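Here's the letter readout for the chains.
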Amino acid sequence: MSVLKVNEMFETIQGEGFFTGLPAIFIRLQGCPVGCPWCDTKHTWTLDPQMDIPAEQVLAKTTDSEAYFSTDAASLVKRILSMGYKAKHVVITGGEPAMYDLTQLTGLLIESGYSVQIETSGTFEIQTHPDTWVTLSPKVDMKGGYQILDQTLQLANEIKHPVAMQKHIEELDALLARPVTNPQAMVYLQPISQQRRATELAVATCIKRNWRLSLQTHKYIGIE
Ligand code: SF4
């Protein structure tokens, strides 16, 4: 898809992974067929044409909803530049943002002086400017039946794996063992939904394996 469908756009602090603590402009794209049971953005799953509304209304939303606006990449970058944001880092998330061809959007943002990060489940081929930072949060064996693609493991700058139980560590081991996986990728464990047992498992495993811990810090401090 090259017409971008934007569920929300806002400035905040990146709460997870390598860029934790960095002010960032988040662009949340609509649409995801992956089907993670614990997904905290289920309102982004559907692509209902009746929910395609004017950008101003989408940007004024105060609660999560399935409404989105459609835009081309150049208009979106123009809009970002006019919003008065101070952040110089853009996070493209979803939904599953790799359902879209993001080559033009990421290229224009980088040309405009932003660093750009995409957060993806690894189930769709990534189409971005080569300088885009790829955060792969692999969603293995979810309801939608999608596989983690080699190309996404190859491009990953960080692999931020959601964990709640030992089988999730084994899934990660299997992904890291794939010969295509970027050997330089930083490995993070992120406890699912801040559950206590998940956090304990993540901490113990990070210490044992010399991996990094990613907490959803925005949820602990109550920001978006
Ligand atoms: S891939 Fe992301 S947006 Fe899609 S269902 Fe899973 S957690 Fe939700």
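Refer to the structure printed above.
Below: a short report on this structure. Along each chain, the written sequence defines residue order, and numbers are assigned to residues from 1. Only residues with pLDDT of at least 70 are given local features in this predicted model, and only at 80 or more are side-chain atom pairs given and counted; all residues enter the totals for whole chains, interfaces and linings. Side-chain figures throughout are based on the complete set of non-hydrogen atoms in the structure, without hydrogens or water.

### What about helix α3 (residues 103-111)?
Of the residues making up α3, those classed as buried are Leu105, Thr106, Gly107 and Leu109. Just downstream of α3 lies Gly113, where phi reads positive at about 100°. Remark: exposure states derive from per-residue accessible area (1.4 Å probe, protein chains only) relative to the maximum for the residue type, with buried under 20%, exposed over 50%, and partly exposed in between. Put simply, DSSP marks the helices as runs of H or I at least four residues long and the strands as runs of E at least two long, and each gets a number from the N terminus on.

### With respect to the site of the ligand
In the vicinity of the ligand, the contacting residues are Cys32, Val34, Gly35, Cys36, Cys39, Thr41, Trp45, Gly95, Ser121 and Lys139. Residue classes in the shell around the ligand are distributed as five nonpolar, four polar and one charged. The rule for a residue being near a molecule or strand is that one of its heavy atoms must lie within 4 Å of it. Following the grouping adopted for this structure description, the nonpolar residues are Ala, Val, Leu, Ile, Met, Phe, Trp, Tyr, Cys and Pro, the charged ones are Asp, Glu, Lys and Arg, and the polar ones are all others, Gly among them.

### Points about the packing of aromatic side chains
Any two of the Phe, Tyr and Trp rings considered here, Trp counted by its six-membered ring, make a pair once their centres fall within 6.5 Å; the pair's planes then place it as stacked at under 30 degrees, edge-to-face at over 60, or tilted in between. Tallying each qualifying case throughout the model produces five aromatic pairs. Residues Phe19 and Trp133 carry aromatic rings whose centres are separated by 5.1 Å and whose planes lie at 75° to one another, so their mutual orientation is edge-to-face. Of this pair, Phe19 sits in the loop between β1 (4-13) and β2 (23-29) while Trp133 sits in strand β6 (residues 133-136), and the two are 114 residues apart along the sequence. Each member of the pair, Phe19 as well as Trp133, carries the same accessibility label: buried. Aromatic rings pair up to connect Phe18, Phe19 and Trp133 into one cluster. In this analysis the charged atom, NZ for Lys or CZ for Arg, is taken to sit over a ring once it is within 6 Å of the ring centre and within 35 degrees of the ring normal. Over the ring of Phe69 we find Arg79, and its NZ or CZ is 5.5 Å from the ring centre. Lying over the aromatic face of Tyr114, Lys88 brings its terminal NZ or CZ to 4.7 Å of the ring centre.

### Re the nonpolar core
In plain words, nonpolar cores are sets of buried Ala, Val, Leu, Ile, Met, Phe, Trp, Tyr and Cys residues tied together by side-chain atoms within 4.5 Å. Of all hydrophobic cores here, the largest spans 29 residues; its most connected members are Ile27, Leu76, Ile80, Ile92, Leu105 and Leu109. Contributions of two or more residues to this core are made by β1, β2, α1 (55-59), α2 (73-82), β4 (89-93), α3 and β5 (115-120). Per-element tally for this core: the top contributor is α2, with four residues. In contact with Ile80, other than residues within four places in its own chain, are Met9, Ile25, Ile27, Tyr85, Leu109 and Tyr114. One finds Leu153, Leu189, Leu201 and Trp211 within the second-largest nonpolar core, a separate group that totals 17 residues. For this analysis, residues touch if any pair of their heavy atoms sits within 4.5 Å.

### Overview of the sheet that holds β5
Strands were regarded as paired on the criterion that DSSP finds at least two bridges between them. Taking strand neighbours across the sheet as the criterion, the nine strands line up as β3-β1-β2-β4-β5-β6-β7-β8-β9 in an open arrangement whose pairing is mixed. On the outer flanks of this sheet lie β3 (69-71) and β9 (212-213), each paired with one strand and no other. Relative to β6, β5 runs parallel, the two being bridged by four bridges. Opposite Glu119, over in β6, you have Thr135 as the bridge partner. Geometry is summarised by axes, namely lines fitted to C-alpha atoms with helices restricted to the contacting stretch, and by angles between N-to-C directions that run from 0 to 180 degrees. Contacts from α2 reach β1, β2 and β3, with the element oriented near 25° to β1.

### Quick word on the packing of helix α5 (residues 166-176) against helix α6 (residues 196-209)
Two numbers describe a pair of packed helices, the interaxial angle and the distance between the axes. Interhelical geometry of α5 versus α6 gives an angle of 40° and a closest axis separation of 11 Å. Considering their axes alone, α5 and α6 lie oblique with respect to each other. Considering only the axes of α5 and α6, their crossing is right-handed. Of α6, the residues touching α5 (which contributes Gln166, Ile169 and Asp173) are Leu201, Thr205 and Arg209. Tallied by class, the residues present in the contact of α5 with α6 amount to two nonpolar, two polar and two charged. Angles are sorted into four bins: roughly parallel if under 35 degrees, roughly antiparallel if over 145, roughly perpendicular if 65 to 115, and oblique for all others. By the definition used in this description, the sense in which the near helix is turned from the far one sets the handedness, with an anticlockwise turn below a right angle giving left-handed and a clockwise turn giving right-handed.

### With respect to the pattern of salt bridges
A side chain of one charge can pair with a side chain of the opposite charge when the charged atoms of the two come close. What makes a salt bridge here is a side-chain nitrogen of Lys or Arg within 4 Å of a carboxyl oxygen of Asp or Glu, nothing more. Within this structure, the stated rule accounts for eight salt bridges. For the salt bridge of Glu16 with Lys160, the shortest nitrogen-to-oxygen distance reads 2.6 Å. Taken together, the positions of Glu16 in the loop between β1 and β2 and Lys160 in strand β7 (residues 158-163) put the pair 144 residues apart, joining distant regions of the chain. For Glu16, a relative accessible area of 10% puts it in the buried group.

### Re a nonpolar patch on the surface
Patches in this entry comprise residues that are over 30% relatively accessible and not in a salt bridge; like charges within 9 Å are linked, as are nonpolar side chains (Val, Leu, Ile, Met, Phe, Trp, Tyr) within 5 Å. Only the protein chains shown count as cover for residues, and all accessible areas are computed by the Shrake-Rupley method using a 1.4 Å probe. Taken together, the side chains of Ile13, Tyr220, Ile221 and Ile223 make up a nonpolar region of the molecular surface, amounting to roughly 380 Å² of accessible area. Mapped onto the secondary structure, Ile223 falls in the segment after α7 (217-220). Given the relative accessible area of 34%, Ile223 is considered partly exposed.

### Some remarks on the pairing of β2
The element β2 is largely enclosed, with a buried count of six among its seven residues. The pairing of β1 with β2 spans seven bridges and is antiparallel. Bridge pairing in β2 places Glu11 opposite Ile25.

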